[in-house]
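# Chains, contacts and geometry: an overview
Below are the chains, spelled out letter by letter.
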Amino acid sequence: MTQPYAGSIPQPLSIPVIPLREFLPWALFGGLLMMLLIYFVGVEQGATSFIHGRVVHEFVHDGRHLLGFPCH
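Note that the structure is predicted; figures quoted are calculated from it, not measured.

Each value, and the rule that gives it
Residues numbered from 1 in each chain as written. Predicted model: local features only at pLDDT ≥ 70, side-chain atom pairs only at ≥ 80, totals over all residues. Heavy atoms only, no water. Helix = DSSP H or I, 4+ residues; strand = E, 2+ residues; numbered from the N terminus. Buried < 20%, exposed > 50% of the residue type's maximum accessible area, 1.4 Å probe, protein only. Contact = heavy atoms within 4.5 Å. Areas by Shrake-Rupley, 256 points an atom, 1.4 Å probe, with all protein chains shown as cover. Phe/Tyr/Trp six-rings, centres within 6.5 Å; stacked < 30°, edge-to-face > 60°. Expected span 1.5 Å × (residues − 1). Patch = residues over 30% accessible without salt bridge, like charges linked within 9 Å, V, L, I, M, F, W, Y side chains within 5 Å. Salt bridge = Lys/Arg side-chain N within 4 Å of Asp/Glu carboxyl O. pLDDT = per-residue confidence, 0-100. Polar contact = N/O pair within 3.5 Å; in protein donor to acceptor, adjacent residues only side chain to side chain.

### Let's talk about the overall build of the chain
- What the chain contains, in helices and strands, is three helices and zero strands.
- Start at the N end of the chain and walk to the C end: the helices and strands fall as α-α-α.
- Burial status across the chain gives 15% buried among its 72 residues.
- In the chain, once contacts between residues fewer than 6 apart in sequence are set aside, the share between residues at least 24 apart is 19%.
- Approximately 6900 Å² of the chain is accessible, and the part contributed by carbon and sulfur atoms is 73%.

### A short note on the packing of aromatic side chains
- One pass over the structure, following the stated rule, counts one aromatic pair.
- Ring geometry for Trp26 against Phe29: centres 6.3 Å apart, planes inclined by 85 degrees, an arrangement best described as edge-to-face. Here Trp26 and its partner Phe29 are both found in helix α1 (residues 20–42), three residues apart, which amounts to about one turn of the helix.
- Given a relative accessible area of 47%, Phe29 falls into the partly exposed group.

### A few points about α1
- With 23 residues, α1 extends 31 Å from end C-alpha to end C-alpha; this agrees with the ideal 33 Å at 1.5 Å per step.
- Regarding α1, the residues found buried are Tyr39, Val41 and Gly42.
- In this fold, the buried residues of α1 make contact with α3 (61–66).

### A short note on a nonpolar patch on the surface
- On the surface, Ile18, Leu20, Phe23, Leu24 and Leu28 cluster together to form a nonpolar patch covering roughly 550 Å² of accessible area.
- Relative to the helices and strands, Ile18 is located in the segment before α1.

### Here we look at the confidence of the model for the chain
- When pLDDT is averaged across the chain, the result is 80; 82% of the residues are at 70 or more.
- Looking across the chain, the model is least confident in helix α2 (residues 55–59), with a mean pLDDT of 76, and most confident in α1, with 90.

### What about the side chain of His61?
- On the secondary structure map, His61 appears in helix α3.
- The class of His61 is buried, set by a relative accessible area of 16%.
- A polar contact is formed between the side chain of His61 and the side chain of His65, at a distance of 2.7 Å.
- Aside from chain neighbours lying at most four places away, what touches His61 is Cys71 and His72.

In structure tokens, the structure reads:
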């Protein structure tokens, strides 16, 4: 087993740099997914619904109350 000895010089850590061109599309995609999730949890119900019926409302009902959105 190799052990560092008292006179060893610590090597600096290199932090990887992510270029903005690679990060920006993923950030936009994540933002759109979050906006869609907030819509379905907070707004999708009743007269303004895109999906007919109450399936989405019942599926996100507890999450809606947990996040403080009123629904009834």
